Amino acid sequence: MLQRTARRSVVRRILIATFGAYIAIPAVQAQNYPTKTVRMILPFAGGSDTVGRLVATSLSESLGQQVVPDPRVGASGNIGFLAGAKSPADGYTLLMGAVPVLTNPLLNPKVGYDGIRDFNPVALLATIPNVVIVHPSVPVKTMRELIGLAGKSPGKIAYGSGGFGSANHLAAELIQSSTKVKFTHVPYKSATFGIAGALSGEVDMVIVVISSAVSYVQSGKMRALAILDEKRNDSIPAVQTSAEAGLPGLIAVNWYAILVPVGTPQPIINRLNTESVKVMSTPEMRERFAKIGGAIHTRTPEQTAEFLRAEHARWSKVISGASIKAE
């Protein structure tokens, strides 16, 4: 009996030691992390690429290892998003996430990844709001007047977008679903062509990221009606927010967040969050984003996850309500 009890005690101690060593592995990994080059997948050219490279450079200094930009552009970001989802969950592959990582699977369930299930959020970094701009010939000066005109003449107002399911398209659909008005959608090959269409008068309106609109608004070539954000923007401070126009639910911002493959150890995620918040909080970074109409909005992994769930729910409702499918 004593021998049996002794053996059980030995087995128990071995199991406890083994379990303790097992749960300590992630902590040790985080303490030593990173020990080699980290790559950051950039799914888009343009603003997302600019933000990603800026953050990668700053993180390289903060982490003590190179964070190398890895452009995986194409298929509306799906090439990069899928590559990120299928990468090892070891902290050595980061993804620069943006709105399409959530909306693309809603538009086409066959893309091969899910923006919520296949990624662990590290940190929300920053946002850049969209702005509603119209050609000067359109007889409205406020968002309320635009809604009034569209209500009286359904389909009269034509808007350009970067294509079906693009951020511009979804923002316009958000306005329509919230106000029960009807616009006419004119899809272009990209948002740049959509802006060109609005400048020429081919379409009446376009919704674009504020950095793409400022010069046209300041020169009088386009008229800004509302910032689709919770507060005014220093780039064009005279322009009302959607809430000030009496439409508080019309929020459509371009956001940037660091994501990692699901299953990445939490201590590594926490380390990445700490360093990301640190580099985004510098005066230099705030100034850089302010120049493109953006603002720093760092959050914890848990807060970022909550933000992404809210965004997913918002755009899921818009996409399903309008029966939008990627083409």
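All values reported here derive from a predicted model rather than from experimental measurement.

Here the focus is the pairing of strand S4 (residues 119–134). Counting buried residues in S4 gives 16 out of 16 residues, a clear majority hidden from the surface. Both S4 and strand S9 (residues 253–261) contribute to a ladder of nine bridges, which runs antiparallel. The partner of Asn120 across the bridge, within S9, is Val260. Two strands pair when backbone bridges link them, and S4 and strand S10 (residues 295–296) are joined in this way by two bridges, in the antiparallel orientation. Bridge pairing in S10 places Ala126 opposite Ile296.

With that settled, consider the side chain of Thr93. Looking at the element boundaries, Thr93 is found in strand S3 (residues 93–97). Classification of Thr93 by relative accessible area gives buried; the value is 5%.

Looking now at the packing of aromatic side chains. Ring pairs (aromatic) are described by centroid distance and by the angle formed between their planes. Under the criterion given, the structure shown has five aromatic pairs. Between Trp255 and Phe307, the ring centres sit 5.9 Å apart and the planes meet at 85 degrees, which makes this aromatic pair edge-to-face. Of this pair, Trp255 sits in strand S9 while Phe307 sits in helix H11 (residues 301–322), placing them 52 residues apart in sequence. Residue classification places Trp255 among the buried residues on the basis of a relative accessible area of 1%. Every member of this aromatic cluster is reached through a ring pair, and the members are Phe44, Phe81 and Tyr113. Positioned above the aromatic ring of Tyr92, the side-chain terminus of Lys36 is 4.8 Å from the ring centre.

Next up on the list: unusual backbone geometry. Residue Pro34 is reached from Tyr33 by a cis peptide bond, and omega for that bond is -5 degrees. Mapped onto the fold, Pro34 is located in the loop between helix H1 (2–32) and strand S1 (38–42). Phi is positive for Lys180, which is not a glycine, with a value near 65 degrees. Considering the arrangement of structural elements, one finds Lys180 in the loop between helix H6 (167–179) and strand S6 (184–187).

Where charged atoms from two side chains of opposite charge approach closely, those side chains can pair. Across all of its chains, the model carries nine salt bridges by this definition. With a closest N to O distance of 3.3 Å, Glu275 and Lys278 form a salt bridge. One end of the pair is Glu275 and the other is Lys278, both in helix H9 (residues 266–280) and three residues apart, which spans about a single turn. Assessed through its relative accessible area of 7%, Glu275 is described here as buried. The shortest N-O distance in the salt bridge between Arg314 and Glu311 comes to 3.1 Å. Note that Arg314 and Glu311 are positioned in helix H11 at a spacing of three residues, about one turn of the helix. We classify Arg314 as partly exposed; its relative accessible area is 26%. Each of the salt bridges in this network shares a partner with another, and the network as a whole consists of Arg39, Asp70 and Arg72.

The rules behind each value
Residues numbered from 1 in each chain as written. Predicted model: local features only at pLDDT ≥ 70, side-chain atom pairs only at ≥ 80, totals over all residues. Heavy atoms only, no water. Buried < 20%, exposed > 50% of the residue type's maximum accessible area, 1.4 Å probe, protein only. Helix = DSSP H or I, 4+ residues; strand = E, 2+ residues; numbered from the N terminus. Pairing = 2+ DSSP bridges. Phe/Tyr/Trp six-rings, centres within 6.5 Å; stacked < 30°, edge-to-face > 60°. Lys NZ or Arg CZ within 6 Å of the ring centre and 35° of its normal. Salt bridge = Lys/Arg side-chain N within 4 Å of Asp/Glu carboxyl O.

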